[in-house]
Amino acid sequence: MKFETLLARRYITAQKRHSVLTTCSIVIAVALMTMLFCLYSTLMTVKRNEAYDDLPGHFALYGLSDEQAEKLKTIPEIGEIRTEEEYGKTVRYIVLGKEIDSEKFFIDRIKETAGIEKDNHDFHYNINYDLLSFDRLTDDAKLEMAMTFAMFFVVVIVFMMLLRLVIDTSFEVSSKERERQFGVLQSVGATPKQIVRIMTSEGIMLSVIGVPLGGALGVLLGYVTYRAVLTTGIAKVMYGSQEKIDRLVTYSVSPWMVALGMLLGFVWVMFSAYGTGMRVIKKSPVESISARPNAVKKIRRFSISGLLFGWTGKLASRNARRQKKRFIITVLSLTLSLLMFAVFGVIMDLAEDYYRRAWFIVDDLGIQESDFVIMYSAAELPDQDDTDEERVQFQLLMSDPLAYREGIKILSDSGYFTDIEYVDNRHGKMLKQDGTEGTRIQVYYLNRVGYDRIWKYQEAPMSYDEFVKYGKAITLNAPQSFLDQKPDAVTFQGKNMVPISAEEGEKFYDPDADQDTDEERIVRIGDGTEHDPYVYYKMEHFTATLPVGMDAQSKYANNDSSGSGEIWLLLPEERYEQDLAMYGGQQYNFGFTISCKLKNESDYQKATDFIDANRHLMIGESAYDAMRTARTVLAAVKMAALFINLMVALIAAVNMVNIISTGIINRKSELASMQCCGMTRGQMYRMSVIECLQFVLRAAVCASILAVLIIWGTDSFMNFVVGGEIFAQRGMTDGGVIVSYSVPVVRIWLSAAVAFVIAICASLLPLRRMQQEPLVEQIRAVE
Amino acid sequence: MEFLTVENLCKQYGKGETQVNALDHVSFTIPKGQMTAVIGPSGSGKSTLLHILGGVDRPTSGKVYLDGQDVYAQNSKNLAVFRRRQVGLIYQFYNLIPVLSAEENITLPSIMDGRKPDPKQLEELLERLSLKERRNHLPSQLSGGQQQRVSIGRALFNSPGVILADEPTGNLDSKNSAEIVALLRQSNRDFKQTMIIITHDENVALQCDRILTISDGKITNDTMNNVS
């Protein structure tokens, strides 16, 4: 056995802890690399399946006779010809090729072999370019796939750079401890090459265990990621049915890809081992031998830790900076990971929230955050045309004004819906003292859900129960002059429809009359058939007086345009029945809306089917489907972000654990020396905890500052480029601020607390282990 | 008046066939202010004895009394405080804290004790150790002799009852060795501190009041020295 191999083997067995740590780093690095390749392989397989699903061959040939098709079998580039039949007749021939130079030449060859004349217009063909690419059959396809793989490889290289930190740290720590020994070896005649070879032999030996383990773990991690992606529902959005998903979206582990991932992981390990060896031989033997372990050449005397925690803090601060480069790298990776976790999460939440709300209707009272809006609901209307909303509306005017209760009951009884909101709107014009008409008035009767929705993003003037007992209307919107007057009551005039006889109706009915302005107009409903005869109504005025109480302006009421000069009054649903007598029957141009949320996401289809089945009672509009698609896409993006985040967090955590635990192990004799001078265990643990705190605290502070800056940037972008009012209207702002500053900062500090716990474990575990050794043994470590 | 009493001290390492008796029923007493040299061949148990006297290593059996106090009757926390206040340890390889300056290394036991170092005492000690100019230097910026002086300063600063030195000149040239021994002798005389010095150097041993010879874990010779 060569002496390099022998020494490498001895070092591995002698430095068990370091060997385990390095092997773990190799396993993690190879696993992540293999996982990446497995996911690439899966993506390519899914894309191929998709292409195959569109056309199950490379070419589809139409207009060929059976004899002509038979002749094609002599073409060596053709692997298989399948016949597709419909009603016992051949529709097309599916061709699967082998090696094809160019699809154009191939088609020419087919024409030539089959003997297809130029003027034969029956013959035509389809080329499945995607499948040709995935199967790499043509020269162009090979080039295309090579380009795709090259793009993927760019990602792999970036990933490798990150992973290098993990493996490098382990090798460097283990070599650092042997620096003197390497110096001695060189002084007794070992060549620099041999020293490097010791490190690379160590890399190979540790890889024997690490690479296969990493490979297996990578395949498993790939599968976990694949399952996680499926659970987001993105596949459902892309492929629709579960049957199609099962057929197309399969986890594919290509042995070549796994091997390539493992090989790249191994190459990277060797790079790290070689690099470490090269760093070792940069020092002359004398430098290596005379270098005392943990020699410190420069220190920063002032430290915040010292100021806060006294001498233990001062020592901890100086210790942390002994390996400045690694300290900075660890703090940076930790900062990045905390920042990504917090800020990306918040921005994605904002996007999700925005998209969620973007699908909602913004009505007069603010944002309508429901899954279904049932435009009109009433008692059963036989034989109506479901698609004619106008007609339904007029038909409803004839119905019982309390019919909405039946609609609510039907919805409620179905068991599919929750948060059922009811808003009835009556309007008219305020009557001045001189009898003339004034400001337009809108009266909204709402149930508890409707009332609570108005005040969802701001403080309610009173609870709904208090509102019911209040007995007066709340003014939601009104001109300043009205608010200044503070009237106790308001009287307004509206329009009513009174049924009249067919004779009278036919006499005065004018089909060209303006529906909105002609108050004396006769309204006709029905299609004049025997089945649905005409019914006539005459317009009449009503006068109503409502008590008015407090005003409570809503920040989110949609009063930008028409509503700005109107008076909007809110009243509880409980009062509606009582006030009906005042309105005196069916009112012209009134409306009521019932909206609700879906109780269980899985019941979406049943709920829509229910609404469809009851279209004679209600016309439902759903924003749910589009919303669900947006949510699914966002969930997939979040998933990808989380994946990258996890990778960065893992690298940061491994670095931190490495630097902290090896820092403790490297200072074994020094810590023992301090104990000999009278340092208690408590003081030592305290110092170690402060050391951990420094990493986490620095990272958390940096991440918080960066987070605030990023959020400020995002908020400014949203406010000034996208437009703050869009967000304000959807109740997404708080004092003009769209993106929350507090949430990411809180998230950063919570994650930092988790990192702190990990750091403490990495520090206290080796310390406790060390404490099991007698002090004398610990102090001898240096001698 | 006996200041340090050692009774039937035994220390064994390993088990069965590999068992080694590093100390084998060692007993002696040392009066306050005596400077004692412990000599003996390598592996005779000198360093083990010193570590046990300093409360660094626990004996397998036997007792150590320092100023009437049973050293090993204390729990580990009190033992650390005992080392801090009652013992000054000097090592051959100095064992200084690399991130602390010379001055900070010297005052470390006092700082660990939660006391503010007495500036007057520090100045006197730095003067005595000839380290005034080097007080802010890190151990890596000091010579071997200077590092050992810092180590002695650390041992002396808290005015402990006993100074234990494990081959304090073992890593130094003859000039530096002579300076270190003179320094220890001077401190012994000035502060009446009890000192136990392990050494291979005959010149060092001859400057001590008493020489204990240890061999195979036993005291084989106990000679008083007439040092003028």
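A quick note: this is a predicted structure, and the numbers were derived from the prediction, not measured.

Draft legend 1. Spatial organisation of the overall build of chain A. Counting its secondary structure elements, chain A contains 27 helices and 16 strands. Carbon and sulfur atoms provide 58% of the accessible area of chain A, an area that totals close to 37700 Å².

Draft legend 2. Main features of the sheet that holds strand β3 (residues 89–97) of chain A. Residues and elements named next belong to chain A. Judged by pairing direction, the sheet is antiparallel, and its four strands sit side by side in the order β2-β3-β1-β4 without closing on themselves. Strands at the two margins of the open sheet, each flanked by one partner only, are β2 (78–86) and β4 (124–127). On average, each strand axis in the sheet is inclined to that of its neighbour by 20°, with strand direction left out of account. One ladder, built from four bridges, connects strand β1 (residues 59–62) with β4; its direction is antiparallel. Looking across to β4, one finds that Phe59 is bridged to Ile127. Along the sheet, helix α4 (residues 103–114) makes contact with β1, β2, β3 and β4, crossing β1 at roughly 35°.

Draft legend 3. Region of the structure containing the side chain of Asp57 of chain B. With respect to the secondary-structure elements, Asp57 of chain B resides in the loop between α1 (46–53) and β4 (61–66). Polar contacts involving the side chain of Asp57 of chain B include one to the side chain of Tyr13 of chain B, which spans 3.3 Å. Ignoring sequence-local partners within four residues, the contact set of Asp57 of chain B consists of Pro774 and Val776 of chain A together with Lys11, Tyr13, His51, Ile52 and Tyr72 of chain B.

Draft legend 4. Fine view of the interface of chain B and chain A. Of the residues lining the interface, 28 residues belong to chain B; the matching set on chain A comes to 29 residues. Approximately 2600 Å² of surface area, both sides summed, lies buried where chain B meets chain A, with 60% of it carried by carbon and sulfur atoms. Contact with chain A buries surface across chain B, with Pro98, Val99 and Met112 of chain B losing the most and accounting together for 22% of the total. At the boundary of chain B and chain A, one finds two salt bridges. Note that Arg318 of chain A is salt-bridged to Glu104 of chain B, the shortest N-O span being 2.5 Å.

Draft legend 5. The packing of helix α3 (residues 102–112) of chain B against helix α4 (residues 119–128) of chain B, seen in detail. Residue and element names in this part refer to chain B. Here α3 crosses α4 at 120°, and the two axes come no closer than 11 Å. When the axis of α3 is compared with that of α4, the two are oblique. In the packing of α3 onto α4, the handedness of the crossing is right-handed. Contacts between α3 and α4 pair Glu103, Ile106 and Thr107 from the former with Leu122, Leu125 and Leu126 from the latter. When grouped by side-chain class, the residues that make up the contact of α3 with α4 number four nonpolar, one polar and one charged.

Draft legend 6. Expanded view of unusual backbone geometry. For Asp419 of chain A, which is not a glycine, the phi torsion comes out positive at approximately 50°. Turning to its location among the elements, Asp419 of chain A is positioned in strand β8 (residues 417–431). Among the residues examined, Asp419 of chain A registers a relative accessible area of 40% and is labelled partly exposed. The backbone of Asn95 of chain B shows a phi angle near 50°, a positive value even though the residue is not glycine. By the element assignment, Asn95 of chain B lies in the loop between β6 (87–90) and α3. The exposure class of Asn95 of chain B is buried, given its relative accessible area of 7%.

Draft legend 7. Here's a closer look at the pattern of salt bridges. Scanning the model with the defined rule gives 37 salt bridges over all chains in all. The partner of Glu104 of chain B in a salt bridge is Lys314 of chain A, with the nearest N and O atoms 3.4 Å apart. One end of the pair, Glu104 of chain B, is in helix α3; the other, Lys314 of chain A, is in helix α13 (residues 304–320), on a second chain. With a relative accessible area of 13%, Glu104 of chain B lands in the buried category. Notably, a salt bridge pairs Glu179 of chain B with Arg149 of chain B, separated by 3.3 Å at the nearest N-O pair. Residue Glu179 of chain B is located in helix α6 (residues 174–191), and its partner Arg149 of chain B is located in helix α5 (residues 144–157); the two are separated by 30 residues in the primary sequence. Classification of Glu179 of chain B as partly exposed rests on a relative accessible area of 35%. A cluster of three or more residues bridged by salt bridges with shared partners is formed by Glu103, Glu123, Glu127, Lys132 and Arg135 of chain B.

Draft legend 8. Structural detail: a nonpolar patch on the surface. Together, Leu697, Val701, Ile705, Leu706, Leu709, Ile710 and Trp749 of chain A make up a nonpolar patch on the protein surface, roughly 580 Å² of accessible area in all. Here the nonpolar patch takes six residues from helix α25 (residues 681–729) of chain A, the largest share from any one element.

Draft legend 9. View of the confidence of the model for chain A. On average, residues of chain A score 80 in pLDDT, and 87% of them reach the 70 mark or higher. The model gives residues 377–387 of chain A a pLDDT under 50, and that stretch makes 29 contacts with residues more than four places away or in other chains.

Draft legend 10. Geometry of the packing of aromatic side chains. Applying the stated criterion to the full structure yields 27 aromatic pairs over all chains. Measuring from centroid to centroid gives 4.1 Å for Tyr40 of chain A and Phe152 of chain A, while their planes differ by 15°, and the two rings are stacked. Here Phe152 of chain A lies in helix α6 (residues 139–177) and Tyr40 of chain A lies in helix α2 (residues 16–54), a separation of 112 residues in the sequence. Residue Tyr40 of chain A shares its accessibility class with Phe152 of chain A, and that shared class is buried. Taken together, Phe37, Tyr40, Phe149, Phe152 and Phe153 of chain A form an aromatic cluster joined through their ring pairs. The side chain of Lys32 of chain B reaches across the aromatic face of Phe3 of chain B, ending 4.6 Å from its centre.

Draft legend 11. Representation of the pairing of strand β9 (residues 210–215) of chain B in the model. Residues and elements named next belong to chain B. Taking burial as the measure, the six residues of β9 include five buried ones, the bulk of the element. In terms of strand pairing, β9 meets strand β10 (residues 218–224) through six bridges, oriented antiparallel. Bridge pairing in β10 links Ile214 to Ile219. Turn length for the β9-β10 hairpin, with the two strands adjacent in sequence and antiparallel, is two residues, and the turn residue Asp216 shows positive phi of about 50°.

Draft legend 12. Spotlight on the packing of α2 of chain A against helix α8 (residues 192–231) of chain A. Residue and element names in this part refer to chain A. At a closest axis distance of 6 Å, the pairing of α2 and α8 adopts a crossing angle of 40°. Comparing the axis directions of α2 and α8 gives the class oblique. When you trace α2 past α8, the crossing you get is right-handed. The class makeup of the residues in the contact of α2 with α8 is 16 nonpolar, 12 polar and no charged.

Draft legend 13. Broad picture of the sheet that holds β9 of chain B. All names here are of chain B. Read across the sheet, six strands follow the order β6-β7-β8-β3-β9-β10 without closing on themselves; strand pairing throughout is mixed. Looking at the sheet topology across the chains shown, the edges are occupied by β6 and β10. Across the sheet, the axes of successive neighbouring strands diverge by a mean angle of 15°, strand direction being ignored. In this structure, β6 lies alongside strand β7 (residues 162–166), joined through four bridges in parallel fashion. Residue pairing in the sheet places Ile90 in a bridge with Ala165 of β7. In this fold α1 packs onto β3 (35–39), β6, β7, β8 (194–198) and β9, with an angle of close to 150° to the strand it touches most, β7. Strand contacts of helix α2 (residues 76–86): β6 and β7, with the helix running at about 80° to β6, the strand carrying the most contacts.

Draft legend 14. Geometry of the pairing of β8 of chain B. Residue and element names in this part refer to chain B. The buried fraction of β8 amounts to five of the five residues, a majority that puts the element mostly inside the structure. Side chains of β8 alternate between two faces, with Thr194, Ile196 and Ile198 and Met195 and Ile197 buried alike. Where β3 lies against β8, four bridges are found, and the strand directions are parallel. Each bridged residue has a counterpart across the sheet, and for Val38 the counterpart in β8 is Ile198. Remark: the β7/α6/β8 crossover connection has right-handed handedness.

Draft legend 15. Here's a closer look at a positive patch on the surface. Together, Lys298, Arg300, Lys324 and Arg698 of chain A make up a positively charged patch on the protein surface. Counting through the fold element by element, Lys298 of chain A comes out in the loop between α12 (285–290) and α13.

Draft legend 16. Representation of α4 of chain B within the structure. All names here are of chain B. Those residues of α4 lying buried are Leu122, Leu125 and Leu126. Each buried residue of α4 sits inside an arc of 100° when the element is viewed along its axis, so together they form one side. Facing away from the buried side of α4 by more than 90 degrees, the exposed set consists of Lys120 and Glu124. Contacts from the buried residues of α4 go to α3 and α5. The N-cap of α4, judged by a side-chain oxygen 3.1 Å from the amide nitrogen of Lys120 a few residues on, is Asp118. Downstream of α4 by a residue or two, Ser130 has a phi angle that is positive, lying close to 55°.

Rules and cut-offs
Residues numbered from 1 in each chain as written. Chains lettered and ligands numbered in written order. Predicted model: local features only at pLDDT ≥ 70, side-chain atom pairs only at ≥ 80, totals over all residues. Heavy atoms only, no water. Helix = DSSP H or I, 4+ residues; strand = E, 2+ residues; numbered from the N terminus. Areas by Shrake-Rupley, 256 points an atom, 1.4 Å probe, with all protein chains shown as cover. Pairing = 2+ DSSP bridges. Axes fitted to C-alpha atoms, helices over the stretch in contact; angles between N-to-C directions. Contact = heavy atoms within 4.5 Å. Polar contact = N/O pair within 3.5 Å; in protein donor to acceptor, adjacent residues only side chain to side chain. Buried area = accessible area lost by both parts, 1.4 Å probe. Salt bridge = Lys/Arg side-chain N within 4 Å of Asp/Glu carboxyl O. Parallel < 35°, antiparallel > 145°, perpendicular 65-115°, else oblique. Left-handed = near helix turned anticlockwise from the far one by under 90°. Nonpolar A, V, L, I, M, F, W, Y, C, P; charged D, E, K, R; others polar. Buried < 20%, exposed > 50% of the residue type's maximum accessible area, 1.4 Å probe, protein only. Patch = residues over 30% accessible without salt bridge, like charges linked within 9 Å, V, L, I, M, F, W, Y side chains within 5 Å. pLDDT = per-residue confidence, 0-100. Phe/Tyr/Trp six-rings, centres within 6.5 Å; stacked < 30°, edge-to-face > 60°. Lys NZ or Arg CZ within 6 Å of the ring centre and 35° of its normal. Right-handed = clockwise from strand over helix to strand, strands pointing away. Lys, Arg positive; Asp, Glu negative; His and termini not counted. Charge placed at Lys NZ, Arg CZ, Asp CG, Glu CD. Arc of directions from axis to C-beta.

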